[in-house]
Amino acid sequence: MLTTLTGQVIGQAHHATRAVLERELAGIGITFPQSVALNAVAAEGGVVERTALVGRMTGGLKVDESAVRTTLAELTDAGLLRTLPAGGSGLALTDAGRARQRQVADAVAGIVARLYADIPAAELEVAGRVLTLLKQRADAELAMA
């Protein structure tokens, strides 16, 4: 059965895969926004400037700055991130934060292995290009507002 790519199809795929991820994250004891923050800090080598992280998360998650700051406070309070230097503008993963981020990465890898298992690489490449283009266009439209 051929399915035409529409916003509804994209949305249904997003919500279904996000629900699978959120179930895994709940088992780890972390929320989706918290996982995004830990992954972003890990991608920067474990240390990031707070303002840059807030910008990355507000742009990526399409949420307001206060929601991101709340998420970062939750992670700091939980001992998964620490402020560098004390009271400063940098954030770093703690040892517990690194361990939790590895759990998240392992959960995501398992989901990808299960859900993408038999999809040909060429089809994944096409889907990736189309979805990237759609995101770029939507971001450009949002930037004009």
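Residues numbered from 1 in each chain as written. Predicted model: local features only at pLDDT ≥ 70, side-chain atom pairs only at ≥ 80, totals over all residues. Heavy atoms only, no water.

Peer 1: Can you walk me through the side chain of Thr-71 in this structure?
Peer 2: Within the secondary structure, Thr-71 is located in helix α4 (residues 65-77). When neighbours within four sequence positions are excluded, Thr-71 is seen to be in contact with Pro-33, Gln-34 and Met-57. (Helix = DSSP H or I, 4+ residues; strand = E, 2+ residues; numbered from the N terminus. Contact = heavy atoms within 4.5 Å.)

Peer 1: Could you clarify how one ought to interpret the nonpolar core in this entry?
Peer 2: A general feature of soluble globular proteins is that nonpolar side chains tend to end up buried together. Membership of the largest hydrophobic core comes to 23 residues, with the highest contact counts inside it found for Leu-25, Leu-38, Leu-53, Leu-72 and Leu-81. Every element with two or more residues in this core is listed here: α1 (7-28), α2 (32-43), α3 (50-61), α4, β3 (90-93) and α5 (95-115). Per-element tally for this core: the top contributor is α2, with five residues. Once residues lying within four places of it in the same chain are set aside, the contact partners of Leu-81 are Leu-38, Val-41, Leu-72, Leu-75, Thr-76, Leu-91, Ala-92, Leu-93 and Thr-94. (Core = buried A, V, L, I, M, F, W, Y, C linked by side-chain atoms within 4.5 Å. Buried < 20%, exposed > 50% of the residue type's maximum accessible area, 1.4 Å probe, protein only.)

Peer 1: Help me out: how do you make sense of the pairing of β3 in this one?
Peer 2: Along any regular strand, the residues point their side chains to alternate faces of the sheet. The alternating pattern of β3 places Gly-90 and Ala-92 and Leu-91 and Leu-93 on opposite faces, both of which are buried. With three bridges connecting them, strand β1 (residues 47-49) and β3 associate as antiparallel partners. Looking at β3, one finds that Val-47 is bridged to Ala-92. (Pairing = 2+ DSSP bridges.)

Peer 1: So what exactly am I meant to see when it comes to the sheet that holds β3 here?
Peer 2: The strands that make up a sheet are held in pairs by hydrogen bonds between backbone atoms, and each pair lies either parallel or antiparallel. Strand order in the open sheet formed by three strands is β1-β3-β2, with antiparallel pairing between adjacent strands. The outermost strands of the open sheet, each flanked by one partner alone, are β1 and β2 (81-84). Geometrically, the sheet is characterised by an average inter-axis angle of 30° between neighbouring strands, direction not taken into account. Along the sheet, α2 makes contact with β1, β2 and β3, crossing β3 at roughly 95°. (Axes fitted to C-alpha atoms, helices over the stretch in contact; angles between N-to-C directions.)

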